[in-house]
Protein chains: 2
Amino acid sequence: MLKLSKLTDYAAVIMAQIARDPEQAHTAAELAVRVSLPHPTVGKTLKMLSKSGLLESRRGSHGGYVLSRSPAEITASDIIAAIEGPIGMTECSHADGDCELMDTCGVADNWQRVSQAIRTLLDCVTLAHLAQSGPLKLPVQLPIQSVTLPSTTGAVREH
Amino acid sequence: MLKLSKLTDYAAVIMAQIARDPEQAHTAAELAVRVSLPHPTVGKTLKMLSKSGLLESRRGSHGGYVLSRSPAEITASDIIAAIEGPIGMTECSHADGDCELMDTCGVADNWQRVSQAIRTLLDCVTLAHLAQSGPLKLPVQLPIQSVTLPSTTGAVREH
DNA sequence: GTTAAAGAGGACTAAAATGGTCCTATATAG
DNA sequence: CTATATAGGACCATTTTAGTCCTCTTTAAC
């Protein structure tokens, strides 16, 4: 399924919520109500986002969270990485290269390229995009310039 | 992490192994040795791949598995979907729309666009690509023509 | 100062997904 | 008839994930 974890999903929703009112500081309690999720869970998510530097927190009375950068400067990659750690399709796509199947694997290099392509894609999607309420009519080509894949004779399929 | 499951990883390695010698029928036992994985696990993976139509099986003595299409016509999407089911980053990106948080979510549409982009990307990666042993020097631009994202004022970041 | 509101940090539990094994049935070649 | 394979599940152990809770610290207001 290549799915995001629930917490990551929550994180995106919460970040979008904050992005729609970026001046205010938002408390966990308030956000929990807005996104219809339990307070402790929202709190946990906010802590993670804060710890990875996507949010800034103010403690004490009148405290809460604000975005540490503008919505256009926070990417989907950032949010995913904040909750799930480094983005990669395989263990070996980022790790310290201690996969014992390296020699019999034979596909590691190419999976890494694909992982890189997905990272690039997610780098292009900003919180500003995500926070937009409805689907927009204006299509924009996604630039994936930095992505390269090995060429096989005619093996790129057309769809 | 946006990670593939181990079984999917195995599936890719196994498919690549078969793709490198596509004439022969390969038994689970033989492939298990080649990819240094336990026989039962390889067997399970092969069954899944066979059930989704990526492999054809011949039972009985002298049996085994062969690709049901050429390596250039089997995509990474196919392999992932065979093991993990439909590709999508969120529950709602393919399901029957019964997410109870729909109204407070506000990001569903855009996640679905991103999911679609990843699907398109993975559709462009074929088994022929994956089966290539080493990293290749010939870079090829990935065509992501069919992918569109909502446009926000200048919110697409350059990298 | 005291108090109330808020986040920080971590421990803990319950539930779900995943990985892996094994068993029985069925098909096929020789 | 027998040996060799896959088909199809059942099953269990492990890991991951989700979710809750408790205590500590910080801050603002009175």
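First, a word on scope: everything that follows refers to the structure included in this document. It should be emphasised that the depicted structure is a prediction, and the values quoted were computed from it without experimental measurement.

## A look at helix H4 (residues 76–84) of chain B
Part 1 of the argument: Of all the nine residues making up H4(B), seven are buried; the element is thus mostly covered by neighbouring parts of the structure.
Part 2 of the argument: Of the surrounding elements, those touching the buried residues of H4(B) are helix H6 (108–123) of chain A together with helix H1 (6–19), helix H3 (39–51), helix H6 (108–123) and helix H7 (127–131) of chain B.
Part 3 of the argument: Positive phi shows up at Gly85(B), right after H4(B), with a value of about 85 degrees.

## Here's the deal with the pairing of strand S1 (residues 55–58) of chain A
Part 1 of the argument: When S1(A) meets strand S2 (residues 64–67) of chain A, the two strands line up antiparallel, connected through four bridges. In the sheet register, Glu56(A) faces S2(A), and the bridge partner there is Val66(A).

## Digging into the protein's contact with DNA strand D
Part 1 of the argument: The environment of DNA strand D is made up of 25 residues, and the closest members are Lys6(A), Lys44(A), Ser57(B), Arg59(B) and Tyr65(B).
Part 2 of the argument: The contact atoms of DNA strand D, taken as those within 4 Å of the protein, divide so that sugar and phosphate hold 71%.
Part 3 of the argument: Ser5(A) is positioned with one of its side-chain polar atoms (N or O) 3.5 Å from a phosphate oxygen of DNA strand D.
Part 4 of the argument: Backbone polar atom of Gly60(A) to a base oxygen of DNA strand D: 3.2 Å apart, as the coordinates give it.
Part 5 of the argument: Where the surface near DNA strand D is concerned, the elements lending two or more residues are helix H1 (6–19) and helix H3 (39–51) of chain A together with H3, strand S1 (55–58) and strand S2 (64–67) of chain B.

## Considerations on the pattern of salt bridges
Part 1 of the argument: Under the counting rule described, the total for this entry stands at six salt bridges over all chains.
Part 2 of the argument: Of the charged contacts, one joins Lys3(A) and Glu91(B) as a salt bridge, the two residues approaching to 3.0 Å between their closest N and O atoms. Separated into two different chains, Lys3(A) in the segment before H1 and Glu91(B) in the loop between H4 and helix H5 (102–105) make up a pair that spans both.

## Section: the protein's contact with DNA strand C
Part 1 of the argument: Inspection of the region around DNA strand C gives 24 residues, with Ser57(A), Arg59(A), Tyr65(A), Lys6(B) and Lys44(B) positioned closest.
Part 2 of the argument: In DNA strand C, the atoms that sit within 4 Å of the protein are 68% sugar and phosphate, with bases accounting for the remainder.
Part 3 of the argument: At a separation of 2.7 Å, a phosphate oxygen of DNA strand C approaches a polar side-chain atom of Ser57(A).
Part 4 of the argument: Here a sugar or linking oxygen of DNA strand C and a side-chain polar atom of Arg59(A) are 2.5 Å apart.
Part 5 of the argument: Looking at the surface near DNA strand C, the elements with two or more residues in it are H3, S1 and S2 of chain A together with H1 and H3 of chain B.

## Concerning the side chain of Thr126(A)
Residues and elements named next belong to chain A.
Part 1 of the argument: Inspection of the secondary structure puts Thr126 in the loop between H6 and helix H7 (127–131).
Part 2 of the argument: The exposure class of Thr126 is buried, given its relative accessible area of 0%.
Part 3 of the argument: Looking at Thr126, its side chain comes within polar contact range of the main-chain nitrogen of Ala128, at 3.2 Å.

## Some words on the packing of helix H2 (residues 28–35) of chain B against H3(B)
Residue and element names in this part refer to chain B.
Part 1 of the argument: Contact geometry of H2 with H3 gives a least axis separation of 9 Å together with a crossing angle of 115 degrees. You can see that H2 and H3 cross each other, and the crossing is right-handed. Seen from H2, the contacting residues are Ala28, Ala29, Leu31, Ala32 and Val35; seen from H3, they are His39, Val42, Gly43 and Leu46.
Part 2 of the argument: Classifying every residue of the contact of H2 with H3 by side-chain character gives seven nonpolar, two polar and no charged.

About the cut-offs
- Residues numbered from 1 in each chain as written.
- Chains lettered and ligands numbered in written order.
- Predicted model: local features only at pLDDT ≥ 70, side-chain atom pairs only at ≥ 80, totals over all residues.
- Heavy atoms only, no water.
- Buried < 20%, exposed > 50% of the residue type's maximum accessible area, 1.4 Å probe, protein only.
- Helix = DSSP H or I, 4+ residues; strand = E, 2+ residues; numbered from the N terminus.
- Contact = heavy atoms within 4.5 Å.
- Pairing = 2+ DSSP bridges.
- Near = heavy atom within 4 Å.
- Polar contact = N/O pair within 3.5 Å; in protein donor to acceptor, adjacent residues only side chain to side chain.
- Salt bridge = Lys/Arg side-chain N within 4 Å of Asp/Glu carboxyl O.
- Axes fitted to C-alpha atoms, helices over the stretch in contact; angles between N-to-C directions.
- Left-handed = near helix turned anticlockwise from the far one by under 90°.
- Nonpolar A, V, L, I, M, F, W, Y, C, P; charged D, E, K, R; others polar.

Everything listed here is a matter of geometry and, on its own, says nothing about what the molecule does.
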